[in-house]
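Read off the chains here:
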Amino acid sequence: MPTEKKKETVARWVERLSRSQVVILTDYRGINMKDLTALRRALEKADGGYHVVKNTLLGLALRQASIAGLETYLEGPTAVALGYGDVVALAKALREQLPSYPSLQVKAAWMSGRVLSPEMLETLATLPPRPVLLGQIVGALESPLAGLVGALAGVLRQLMYVLSVRSEQGERTAEAA
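Student: What am I meant to see in the overall build of the protein here?
Tutor: Looking only at helices and strands, the protein features six helices and five strands. The helix and strand sequence of the protein, counted from the amino end, reads α-β-α-β-α-β-α-β-β-α-α. Scaling as 2.2 N^0.38, a compact globule of 177 residues should have a C-alpha radius of gyration of about 16 Å, whereas the protein reaches 29 Å, well beyond that. Overall, the protein is about 110 × 35 × 25 Å in size when its C-alpha atoms are taken along their principal axes. The burial tally for the protein puts 34% of its 177 residues in the buried class. Partitioning the contacts of the protein with sequence separation of at least 6, the portion at a separation of at least 24 is 80%. When the accessible area of the protein is evaluated, it comes to approximately 11100 Å², of which 59% is carbon and sulfur surface. Of the side-chain charges in the protein, 21 are positive and 17 negative, and the distance between the mean point of each set is 9 Å.

Structure below.
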C-alpha cells in the first residue's frame, strides 16, 4: 500500500507531466550533485526542468498522465527532463550540455503521443528555433503568391499598353479624317 507521501509525489509528477510538451528520460550515472544542479539550471533557461525520480513512482505517474511507451526505459538511475515551452529549445539545451557530461545518456523521449529514440531527439535538436521555422513557412507560402501578383500585374500592364496604342491609333484616324 503506497504511503501518503508517495501518493503526493505521484500526483505532483502527474501534474508536471500533464503540463509538459516533451518528456526526456536520461541515465545520469556518474554525475555528481554539483553537475546535476548546473544541468538543471541550464535546462530551466530553456523553460524546462530536470529531476531525478524513482522509476516506480514515475511509472505510476506516466500511466496516470496517459503517457505510454516510456515504461520499458525505466531501468537503472533515471532523471527526467521536462519541457514546458518550445520543445526544440529544450532539446538543443540538453544537446549542448551532453559534451560536458559524457556519462549522461539519453534513453528515450516522448512528444505528442509518440516515443522518440535518442537519434530522433538529436534530429529535433538540430531544427531551427520556432520563430525561424515559422518565418520559413511564411516565406514558402508567400513566394508563389508574390509570383502570381507579378504575373497578374504583367498582364494588366500589357493590356494597358494595348489600350494605349489603340487609343493613339484611334486619335490618328480621327485627325486624318
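That shown, we press on.
Student: Looking at this model, I keep getting lost on the sheet that holds strand S1 (residues 22–27). Mind explaining?
Tutor: Neighbouring strands of a sheet are bound in pairs by backbone hydrogen bonds; such pairs are parallel or else antiparallel. Taken in spatial order, the five strands line up as S2-S3-S1-S4-S5 in an open sheet, and their pairing is antiparallel. Taken across any chain shown, the strands that pair with only one partner, and hence form the sheet edges, are strand S2 (48–53) and strand S5 (114–116). Ignoring strand direction, the axes of neighbouring strands in this sheet form an average angle of 20°. Pairing of strand S4 (residues 105–111) with S5 involves three bridges; the strand directions are antiparallel. By the bridge assignment for S5, alanine 109 is matched with leucine 116. Here helix H3 (residues 55–64) sits on the sheet in contact with S1, S2 and strand S3 (78–83), set at roughly 35° to S3. Strands in contact with helix H4 (residues 87–97) are S1, S2, S3 and S4; relative to S1, the strand with the most contacts, it is inclined by about 15°.

Student: Before we go on, may I ask you to explain the pairing of S1 in this structure?
Tutor: One face of the sheet, then the other: side chains in a regular strand alternate in exactly this way. With six of its six residues buried, S1 lies for the most part within the structure. Both faces of S1 are covered, namely the face carrying Val22, Ile24 and Thr26 and the face carrying Val23, Leu25 and Asp27. Taken together, the five bridges between S1 and S3 define a ladder with antiparallel strand orientation. In the sheet register, valine 23 faces S3, and the bridge partner there is leucine 82. Two elements, S1 and S4, share six bridges in a ladder whose sense is antiparallel. Bridging from a neighbouring strand, leucine 25 pairs with alanine 108 of S4.

Student: How should the pairing of S3 be read in this particular structure?
Tutor: Most of S3 is tucked away: six of the six residues are buried. Of the two faces of S3, both are covered, the one formed by Thr78, Val80 and Leu82 as well as the one formed by Ala79, Ala81 and Gly83. The sheet contact formed by S2 and S3 spans six bridges and is antiparallel. By the bridge assignment for S3, glycine 48 is matched with glycine 83.

The rules behind the values
- Residues numbered from 1 in each chain as written.
- Predicted model: local features only at pLDDT ≥ 70, side-chain atom pairs only at ≥ 80, totals over all residues.
- Heavy atoms only, no water.
- Helix = DSSP H or I, 4+ residues; strand = E, 2+ residues; numbered from the N terminus.
- Rg over C-alpha atoms; globule rule 2.2 N^0.38 Å.
- Buried < 20%, exposed > 50% of the residue type's maximum accessible area, 1.4 Å probe, protein only.
- Contact = heavy atoms within 4.5 Å.
- Areas by Shrake-Rupley, 256 points an atom, 1.4 Å probe, with all protein chains shown as cover.
- Lys, Arg positive; Asp, Glu negative; His and termini not counted.
- Charge placed at Lys NZ, Arg CZ, Asp CG, Glu CD.
- Pairing = 2+ DSSP bridges.
- Axes fitted to C-alpha atoms, helices over the stretch in contact; angles between N-to-C directions.

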